[in-house]
Amino acid sequence: MKNYEAADIRTVALIGHSKSGKTSLAEAMLFDTKVTTRLGKVDDETSSLDTEPEELARKSSMQLALGYCEWKKKKINFIDTPGDANFGADAMLALTAVDGVVCVVSAPDGVQVGTERTWAMAQEKQLPGAIFINKLDRERATFDKALNEVREVLTKKAVALQIPIGAEAAFNGVIDLLTLKAYAFEDDGRTVKPIDVPADLADEAQSAREALIEGIAESDDALLEKYFEEGELSDEEIQKGFSAGILAGTFVPVLCGSGTKNVGVQPLLDLIINNFPTPMARGTIAGKDKVEVECKEDAPLTAQVFKSIHTDVGKIALMRIFSGSMSNDTSLANTGRRGKERVGQIYALVGKKRENLDKAVAGDLIGLAKLKDTHTGDTIAEEKGLDIVFEAMEMPQPVISYAVRPKNKGDEEKVASKLNDIIAEDTSLRLDRDADSKEMLLRGLGQVHIEMCVEKLRRAGVEVELDPPKVAYRETIRGKAKDVEGKHKKQSGGRGQFGVCYIDMERKPADSESEDDLEFVDAIFGGAIPRQFIPSVEKGIRTRMARGVIAGYPVVEIKVTLKDGKFHAVDSDGRSFEMAGSKGFQEAFKKAQPVLLEPVMQMEVRCPDDNMGDIIGDISSRRGKVLGTEAKGREQVIKAQVPQSEVLRYAIDLESMTAGRGSFTLGFSHYDEVPPNLAEEIIAAAKVEEDED
């Protein structure tokens with residue numbers, strides 16, 4: 001593959017809602033630039049970009065995919081991103097590696113939740129972009145309606161750069177409003193034929209052009225003043241203002257076409273190479289400790305890994321080169337981990353198809369295989385080069401969890417190993433071990449996210465079962481118990497076992513200086529229990545606290561005073577007093593008004609205005625307490641506290657209530673008492689092992 005200078009590279013991401021046609025548009029880009037010899041299609045499983053079995057089965061992208069092409073001697077690197085919120089982390093990762101975005105909107109469906117979400121992410125990163133209204137060859141596809149939705153929902157800065165010729169099945173061309181020239185796309189779409197502007201569209205085109213020129217003029221005060229004074233701009237001023245407006249984000253050009261029919265794709269390629277930013281437009285990029293580097297080809301090499309994928313040659317680290325250049329057979333430094341890596345071969349990728357590169361420069365997206373200890377988010381630089389570490393990408397927090405266990409006993413290590421391999425590729429998945437239940441917990445961004453992970457495990461030969469995670473209840477008391485006897489006596493011929501203790505129990509005071517859940521007070525005097533056995537009593541109490549008394553959950557916030565006891569000179573030993581302490585604790589606990597505590601979560605829900613009433617009502621039905629609401633743009637933010645047991649599947653329910661437009665975060669807040677009727681059910685279902693005599 002030929003080498004390119006950084007000034008001739010454009011790096012973009014295709015973003016938008018799931019099934020809006022991003023992958024089909026990318027396939028058309030590859031076909032028009034002759035990277036592929038036929039137009040790949042998602043529906044017939046000939047896509048170069050959707051290659052995973054799960055993607056083929058669902059006819060939808062589930063992870064980002066890289067591609068590249070050459071158009072008019074310029075190189076375009078692109079990332080096709082998934083639009084489903086279950087895989088939203090990959091869209092976030094992609095946006096850290098590009099210089100601009102093309103937001104794809106399905107004309108029949110309009111602006112959807114994934115369109116809003118990904119466009120907002122791009123705007124937050126201040127990435128310049130364009131909007132491509134896709135699927136204009138489909139039934140119910142209306143350009144004007146889709147454009148109006150874009151202006152109402154996404155951005156008021158959207159200005160049409162083109163209007164379509166024909167509608168639905170008859171759609172076959174576009175009118176360029178900058179030049180007022182029309183183009184038809186013949187055969188397989190590769191042939192672009194200039195035609196006369198249809199007479200019935202002439203007035204509409206002229207009116208739309210005036211709106212475009214006005215939008216361009218507003219990108220620059222001097223242009224705007226001239227436009228108001230003279231009513232027109234020169235071609236040179238229009239072109240200059242057009243590029244400047246895109247880069248500054250003062251307006252967003254809207255194009256139209258059909259990815260599957262390959263109509264309107266070549267004008268999009270022209271827009272990207274002529275008007276999207278070069279890698280150098282970033283200026284400088286900063287790492288930690290205020291270390292900076294200029295984003296240009298003759299600067300020191302810096303790059304960052306934004307994704308890892310598994311291929312037939314093993315794991316490949318996908319990275320963006322921000323500055324400098326990289327060649328084959330060189331040594332690199334992983335600056336964050338203080339390690340060394342050896343580059344064998346640099347790859348350019350289209351999906352998982354690789355092509356060898358001799359050299360990569362600022363702006364390139366590349367793949368490196370067989371790196372020893374380099375992972376997503378890591379910074380790469382020249383060995384003995386610039387000591388810079390870029391901030392790692394922040395991943396969204398998981399919203400749903402399942403306890404995962406192997407179907408076949410003895411496969412626990414195999415399951416954990418395969419899951420860790422999957423998580424190395426998809427860093428938005430989490431695998432934890434619950435300290436209380438000892439369950440292996442798989443956490444993800446949604447139900448489909450978890451299901452895809454399970455499908456990958458099955459493909460790797462590992463069968464697992466999923467269960468809702470166990471809630472980490474706790475036990476404590478409301479009352480007090482005094483002079484409770486704990487007695488352990490056992491005689492079986494020969495030396496026996498004997499130990500007696502008397503304890504008082506109460507809730508640990510709020511002002512207690514002890515940070516431990518047990519405040520143990522030794523009030524023994526006169527040798528009622530020999531000193532060497534007092535730690536054994538405390539040990540027995542702690543052992544029972546860990547096992548629970550009424551429902552098998554750990555006991556918390558307890559004060560125990562050891563005040564008296566009895567011993568036998570021959571039969572008493574440490575084990576006897578451990579048992580006595582445990583039994584005394586059980587009896588005292590049952591007499592001191594025991595209660596169950598449940599974890600209460602701090603929850604923040606974001607939803608459209610129309611859904612706020614339903615969300616608040618639903619939170620109340622889950623025993624939740626709404627703390628307040630506030631408006632943020634077109635969304636409402638609801639802050640609440642809800643018992644954990646009531647929101648184990650909230651991700652699924654919220655998606656249903658808001659048609660996928662809602663999102664939420666969860667974090668632990670505090671423990672609170674479980675209502676008596678629910679506590680009775682939990683206690684009845686538990687089997688607590690009593691100490692045997």
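## As for the overall build of the chain
Here's step 1: Helix and strand counts for the chain come out as 16 helices and 36 strands.
Here's step 2: Partitioning the intrachain contacts of the chain with sequence separation of at least 6 by distance along the chain shows that 72% fall at a separation of at least 24.
Here's step 3: Carbon and sulfur atoms make up 46% of the accessible area of the chain, which amounts to about 31,100 Å² in all.
Here's step 4: Of the side-chain charges in the chain, 92 are positive and 118 negative, and the distance between the mean point of each set is 6 Å.

## Considering the packing of aromatic side chains
To describe a pair of aromatic rings, one takes the distance between the centres and the angle between the planes.
Here's step 1: Under the criterion given, the structure shown has seven aromatic pairs.
Here's step 2: Sitting above the plane of the Phe31 ring, Arg190 keeps its charged end 3.8 Å from the centroid.
Here's step 3: Over the face of the ring belonging to Tyr347 we find Arg354, whose NZ or CZ atom lies 5.3 Å from the ring centre.

## Considerations on the packing of helix α14 (residues 612-621) against helix α15 (residues 650-658)
Here's step 1: Relative orientation of the contacting elements α14 and α15 amounts to 150°, with a least axis distance of 10 Å. It follows that α14 is roughly antiparallel to α15 by the angle criterion. For the pair α14 and α15, the crossing hand works out as right-handed. Of the residues in α15, those touching α14 at Ile615, Asp618 and Ile619 are Tyr650, Leu654, Met657 and Thr658.
Here's step 2: Tallied by class, residues from the contact of α14 with α15 come to five nonpolar, one polar and one charged.

## Topic: the side chain of Thr561
Here's step 1: Within the fold, Thr561 resides in strand β32 (residues 558-566).
Here's step 2: Excluding anything up to four places from it in sequence, Thr561 contacts Tyr502, Ile503, Asp504, Val521 and Ala523.

## Focus: the domain arrangement of the chain
Here's step 1: Here the domain parsing of the chain yields domain 1 (6-209 + 251-281), domain 2 (295-381), domain 3 (400-467), domain 4 (474-592) and domain 5 (597-678).
Here's step 2: Distance from the C-alpha centre of domain 2 to the C-alpha centre of domain 5: 42 Å.

## Looking at the sheet that holds strand β7 (residues 162-165)
Here's step 1: The strand order β7-β8-β9-β10 describes an open sheet built from four strands, whose pairing is antiparallel. Bordering the open sheet on either side are β7 and β10 (191-195), each of which pairs with just one other strand. Strand-to-strand, the axes of this sheet are offset by a mean angle of 30°, without reference to chain direction.
Here's step 2: Note: strand β8 (residues 173-176) against strand β9 (residues 181-186), four bridges, orientation antiparallel. Across the sheet, residue Val174 finds its bridge partner in β9, namely Tyr183.

## A closer look at the nonpolar core
Here's step 1: Counting 118 residues, the largest nonpolar core has Ile131, Met319 and Met326 as its most contacted members.
Here's step 2: Counting residues domain by domain, this core receives three or more from each of domain 1 (6-209 + 251-281) and domain 2 (295-381).
Here's step 3: Non-local contacts of Met319, meaning those with residues more than four positions away in its chain, are made with Ala303, Gln304, Val305, Phe306, Met326, Asp364, Leu365, Ile366, Leu368, Leu371 and Ile380.
Here's step 4: If you look at the next biggest cluster of nonpolar residues, it comprises 35 residues, including Leu518, Phe520, Ala528 and Phe577.

## Observations regarding the sheet that holds strand β6 (residues 158-160)
Here's step 1: Spatial strand order, β2-β3-β1-β4-β5-β11-β6: seven strands in an open sheet with mixed pairing. For this open sheet the edge positions go to β2 (65-71) and β6, each flanked by a neighbour on one side alone. With direction set aside, neighbouring strand axes in the sheet form an average angle of 30°.
Here's step 2: Pairing of strand β4 (residues 100-106) with strand β5 (residues 129-134) involves six bridges; the strand directions are parallel. For Val102, the partnering residue across the bridge sits in β5 and is Ala130.
Here's step 3: Contacts from helix α5 (residues 143-154) reach β4, β5, β6 and β11 (252-256), with the element oriented near 160° to β6.

## With respect to helix α4 (residues 113-124)
Here's step 1: Here α4 contains 12 residues, and its C-alpha end-to-end distance of 17 Å stays within 8% of the 16 Å for a straight helix at 1.5 Å per residue.
Here's step 2: When α4 is considered as a whole, its buried residues turn out to be Val113, Gly114, Thr115, Glu116, Thr118, Trp119, Met121 and Ala122.
Here's step 3: On its buried side, α4 packs onto β1 (9-16), α3 (88-95), β4, β5, α5 and β11.
Here's step 4: Gln126, located one to two residues past α4, shows a positive phi value of around 55°.

## Considerations on the pattern of salt bridges
Side chains bearing opposite charge may pair, as long as their charged atoms lie close to each other.
Here's step 1: Following the criterion strictly, the structure yields 43 salt bridges and no others.
Here's step 2: A salt bridge links Arg459 to Glu54; the shortest N-O distance between them is 3.0 Å. Here Arg459 is found in helix α11 (residues 447-459), whereas its partner Glu54 is found in helix α2 (residues 53-58), with 405 residues between them in sequence.
Here's step 3: Among the residues examined, Arg459 registers a relative accessible area of 44% and is labelled partly exposed.
Here's step 4: Note that Arg58 is salt-bridged to Glu451, the shortest N-O span being 3.6 Å. Taken together, the residues span a long stretch of sequence, with Arg58 in helix α2 and Glu451 in helix α11 at a distance of 393 residues.
Here's step 5: Relative accessible area serves as the criterion here: at 29%, Glu451 is assigned to the partly exposed category.
Here's step 6: One salt-bridge network, in which partners are shared between bridges, spans Glu52, Glu54, Lys352 and Arg459.

## Structural notes on the packing of helix α8 (residues 235-248) against helix α9 (residues 265-275)
Here's step 1: Contact pair α8 / α9: the axes reach a minimum separation of 10 Å and the direction vectors enclose 85°. When the interaxial angle is binned, α8 and α9 end up roughly perpendicular. When α8 is examined against α9, the residues Phe242, Ser243, Ile246 and Leu247 are found in contact with a partner set consisting of Leu271, Asn274 and Asn275.
Here's step 2: Of the residues that constitute the contact of α8 with α9, the class distribution is four nonpolar, three polar and no charged.

Calculation rules
- Residues numbered from 1 in each chain as written.
- Predicted model: local features only at pLDDT ≥ 70, side-chain atom pairs only at ≥ 80, totals over all residues.
- Heavy atoms only, no water.
- Helix = DSSP H or I, 4+ residues; strand = E, 2+ residues; numbered from the N terminus.
- Contact = heavy atoms within 4.5 Å.
- Areas by Shrake-Rupley, 256 points an atom, 1.4 Å probe, with all protein chains shown as cover.
- Lys, Arg positive; Asp, Glu negative; His and termini not counted.
- Charge placed at Lys NZ, Arg CZ, Asp CG, Glu CD.
- Phe/Tyr/Trp six-rings, centres within 6.5 Å; stacked < 30°, edge-to-face > 60°.
- Lys NZ or Arg CZ within 6 Å of the ring centre and 35° of its normal.
- Axes fitted to C-alpha atoms, helices over the stretch in contact; angles between N-to-C directions.
- Parallel < 35°, antiparallel > 145°, perpendicular 65-115°, else oblique.
- Left-handed = near helix turned anticlockwise from the far one by under 90°.
- Nonpolar A, V, L, I, M, F, W, Y, C, P; charged D, E, K, R; others polar.
- Domains from an automatic or database assignment.
- Pairing = 2+ DSSP bridges.
- Core = buried A, V, L, I, M, F, W, Y, C linked by side-chain atoms within 4.5 Å.
- Buried < 20%, exposed > 50% of the residue type's maximum accessible area, 1.4 Å probe, protein only.
- Expected span 1.5 Å × (residues − 1).
- Salt bridge = Lys/Arg side-chain N within 4 Å of Asp/Glu carboxyl O.

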